[in-house]
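Fold and contact review
Here is what each chain is made of, one letter per residue.
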Amino acid sequence: MKFQFSEKKVKLPGNVHAYAEKKVMKLARYFEEDAEALIVFSVQKNRNNVELTVHGAGTWFRASESTSDMFASIDAAVATIEGQIRKNKTRLQRRLREGAFMRTVQEETSFAPEPEEETINIVRTKKFYFRPMTREEAVMQMNLLEHNFFAFRDEDNGGSFAVVYRRNDGGYGLIDDEE
C-alpha cells in the first residue's frame, strides 16, 4: 500500500505518521498491492481531524474523524473504513483481493453477529431526454426546478453527459464526462 500524508495548518512529529501507517496497513489485507492511502491531518478549534481516503480495486473509501486526540482520530477513521468494507462485503468481494474476508488465526474473535447487509431497493425509475444545453442554462434550469443537481448534455463539451450541483458554500459544481 502506498501512503501520502498531508498536514493542514499543523506540524506533526514523525511518530504520528508511523502510527497512522501502521493502523492503515490493517486495511491492506482487503486490497491488492497497488492500493493508495491519503491521510490528511488538521487541527481546528482544539479538535484533531483525520481524513482518510483509500483507493484500491477501482473503489474509493473515505472517512473523516475528529476527536481531542490525533491517535484516537486515526483509530476511528480506520475503524470507519473497515466498517464500510464489512457492511458492503458481499458487493465488494468480487472487486477486492481474493480471500480478503477469510478469517485468519491472528484476527480477533468477536461473538457479536455480523450485521445483515442492507439491500439496495430502487423504488422509482425515470427516463429523460437530455437535450444539449450550456452550463449556464443547466444551472438556471436546476434553480427553476428547485433541485440540488441537474443532469444534461453539455453543449460546451461536445454534447457529453454532465451534472451541475449546488455546493454547500453556495456556489455551483460541475461533474463532467472525462472522455
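Heads up: the structure comes first, above all this text.
Computed from a predicted structure; not experimentally measured.

Overview of the overall build of the chain
Scanning the chain from terminus to terminus reveals four helices and eight strands. When the elements of the chain are put in sequence order from the N terminus, they spell out β-α-β-β-β-α-α-β-α-β-β-β. Evaluated residue by residue, the chain yields a buried proportion of 31% over its 179 residues. Within the structure as shown, the chain displays about 12,900 Å² of accessible surface, and the carbon and sulfur contribution to it stands at 51%.

Observations concerning the pattern of salt bridges
Applying the stated rule across the entire model yields five salt bridges. D154 serves as the salt-bridge partner of R135, at 2.8 Å between the closest nitrogen and oxygen. With R135 in helix α4 (residues 135-145) and D154 in strand β6 (residues 149-154), this residue pair connects regions lying 19 residues apart in the sequence. Judged by its relative accessible area of 0%, D154 is buried. Across the pair D176 and R135 runs a salt bridge whose closest N-O atoms are separated by 3.3 Å. Taken as a pair, D176 in strand β8 (residues 172-176) and R135 in helix α4 lie far apart in primary sequence, 41 residues in all.

Observations regarding the packing of helix α1 (residues 14-24) against helix α2 (residues 70-87)
Running from amino to carboxyl end, α1 crosses α2 at an angle of 20°, the nearest separation of the two axes being 10 Å. Taken together, the axis directions place α1 and α2 in an arrangement best described as roughly parallel. You can see that α1 and α2 cross each other, and the crossing is right-handed. Contacts between α1 and α2 involve N15, V16, Y19, A20, K23 and V24 from the former and M70, F71, I74, D75 and V78 from the latter.

Quick notes on the pairing of strand β2 (residues 36-44)
Relative to β2, strand β1 (residues 2-8) is paired through seven bridges, and the arrangement is parallel. Each bridged residue has a counterpart across the sheet, and for K2 the counterpart in β2 is E36. You can see the chain leave β1, run along α1 and come back into β2, and the turn it takes is left-handed. As judged from the nine bridges shared by β2 and strand β3 (residues 47-56), these two strands associate in the antiparallel manner. Following the sheet pairing, F41 is matched in β3 by V50. Between β2 and β3, which follow one another and run antiparallel, lie two residues, and K45 among them has a positive phi close to 50°.

Cut-offs and rules
Residues numbered from 1 in each chain as written. Predicted model: local features only at pLDDT ≥ 70, side-chain atom pairs only at ≥ 80, totals over all residues. Heavy atoms only, no water. Helix = DSSP H or I, 4+ residues; strand = E, 2+ residues; numbered from the N terminus. Buried < 20%, exposed > 50% of the residue type's maximum accessible area, 1.4 Å probe, protein only. Areas by Shrake-Rupley, 256 points an atom, 1.4 Å probe, with all protein chains shown as cover. Salt bridge = Lys/Arg side-chain N within 4 Å of Asp/Glu carboxyl O. Axes fitted to C-alpha atoms, helices over the stretch in contact; angles between N-to-C directions. Parallel < 35°, antiparallel > 145°, perpendicular 65-115°, else oblique. Left-handed = near helix turned anticlockwise from the far one by under 90°. Contact = heavy atoms within 4.5 Å. Pairing = 2+ DSSP bridges. Right-handed = clockwise from strand over helix to strand, strands pointing away.

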